[in-house]
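Inside the fold
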Amino acid sequence: RGFKGSGSTTIDMSRPLKKPTDIKKEITKMSRVPTTTRKFNKRKAIGFYNPFSEVIRTKYENDIGTVMHELGHHLDKKYNFSKINPKLIQDMIDKLDDAFRNAYKEHELPGEVVAEFLHYYSTDTQAARDFAGDFYELFEQTLSKEDLKNIQEIRNDVLRWVNAERAEKRQSTI
């Protein structure tokens, strides 16, 4: 992805392990944003959020990181994160690696860093903090209580899956 964090996150490994398909269903249920998998012609993208129909499309069935990135676009639309604090957004843009930054037009970058932040937020809390700085707190303070609770619940399921042992993951999909 576009940024490398340092450190890891404390994860509740006693939490029941959910399969990616179940996590994806929870994302759709909690966010009320349908998620589908199908081919689409959007650059070389592996995911796409349609702001008009409010639908997330991914190229691969259980790509939770991409679903979270696209959900970040939805939350940006809902809360206008990319315009709340231009300095914090620019700080995140400045941390992007060149390959990620060059894949987008300049005017797309504010929305992309908000989306990328949600990807980090759901997969590595420390990387999200390193990437976002003060935006991390702004994000949590701006979300409604219900949205914050739902996003944190999804994050806990994603972190549990990402950090599970391979054998445990195999067992959970049987």
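See the structure printed just above.
Before going into details, it helps to say that this report is about the structure given with it. (Residues numbered from 1 in each chain as written. Predicted model: local features only at pLDDT ≥ 70, side-chain atom pairs only at ≥ 80, totals over all residues. Heavy atoms only, no water.)

1. Quick look at the overall build of the protein chain
The cut-off we apply is this: Helix and strand labels come from DSSP, where a helix needs a run of H or I of at least four residues and a strand needs a run of E of at least two; each type is numbered from the N terminus. Just to be clear, the radius of gyration here is over C-alpha atoms, and the globule rule we use is 2.2 Å times residues to the power 0.38. Exposure is judged per residue with a 1.4 Å probe applied to protein chains only, and the accessible area is read against the type maximum: over 50% gives exposed, under 20% gives buried, and values in between give partly exposed. Accessible surface is estimated by sampling points in the Shrake-Rupley manner with a 1.4 Å probe; for residues, cover comes only from the protein chains shown. When charges are counted, neither His nor the chain ends are considered; positive counts come from Lys and Arg and negative counts from Asp and Glu. Think of each charge as sitting on NZ of Lys, CZ of Arg, CG of Asp or CD of Glu.
Secondary structure summary: the protein chain contains 10 helices and three strands in total. Overall, the protein chain shows an N-to-C arrangement of helices and strands of α-β-β-β-α-α-α-α-α-α-α-α-α. Against the compact-globule benchmark of 16 Å for 174 residues, the protein chain has a radius of gyration of 16 Å, which places it among compact chains. Each of the three principal axes of the protein chain carries a C-alpha extent, and together these read 45 × 35 × 30 Å. Within the protein chain, buried positions represent 45% of all 174 residues. For the protein chain, the computed accessible surface area is about 9,600 Å², with 50% contributed by carbon and sulfur atoms. Averaging the locations of the 31 positively and 27 negatively charged side chains of the protein chain gives two centres separated by 6 Å.

2. Points about the packing of aromatic side chains
The line we're drawing: Only the six-membered ring of Trp is used, alongside the rings of Phe and Tyr, when aromatic pairs are assigned; centres must lie within 6.5 Å, and planes under 30 degrees apart are stacked while those over 60 apart are edge-to-face, with the rest tilted.
By the definition in use, this model includes 12 aromatic pairs. Taking 5.9 Å as the distance between ring centres and 90 degrees as the angle between the ring planes, the aromatic pair formed by F117 and Y136 counts as edge-to-face. In this pair, F117 is assigned in helix α6 (residues 109-123) and Y136 in helix α8 (residues 135-142), connecting sequence segments 19 residues apart. Here the aromatic rings of Y120 and F131 are separated by 5.1 Å at their centres, their planes lie at 70 degrees, and the arrangement is edge-to-face. Here Y120, found in helix α6, pairs with F131, found in helix α7 (residues 125-132); they are 11 residues apart in sequence, far enough to count as distant.

3. Describing the pairing of strand β2 (residues 47-50)
Just so we agree on the cut-off: Paired strands are those between which DSSP finds at least two bridges.
Two elements, β2 and strand β3 (residues 55-58), share four bridges in a ladder whose sense is antiparallel. Its bridge partner being in β3, G47 is matched across the sheet by T58. Between the end of β2 and the start of β3, which pair antiparallel, lie four residues, with E54 showing a positive phi angle near 55 degrees.

4. Some remarks on the nonpolar core
The cut-off we apply is this: The definition of a nonpolar core used throughout is a set of buried Ala, Val, Leu, Ile, Met, Phe, Trp, Tyr and Cys residues joined through side-chain atoms within 4.5 Å. In what follows, residue pairs with any heavy atoms lying within 4.5 Å of each other are defined as contacts.
The biggest cluster of nonpolar side chains holds 41 residues, and the ones touching the most others in it are F117, Y121, F135 and F139. Those elements that place two or more of their residues in this core are α1 (20-31), α2 (64-79), α4 (86-95), α6, α7, α8 and α9 (145-162). Looking at this core, the element that brings in the most residues is α6, giving seven residues. Filtering out sequence-adjacent residues up to four positions away, F117 remains in contact with M92, A128, F131, A132, F135, Y136 and F139.

5. Observations regarding the environment of G111
If you trace the backbone, G111 turns up in helix α6. Judged by its relative accessible area of 14%, G111 is buried. Separated by 32 residues in the primary sequence, G111 and Y79 have C-alpha atoms spaced 12 Å apart. Ignoring any residue separated from it by four or fewer positions in sequence, one finds G111 in contact with H73, D76 and S82.

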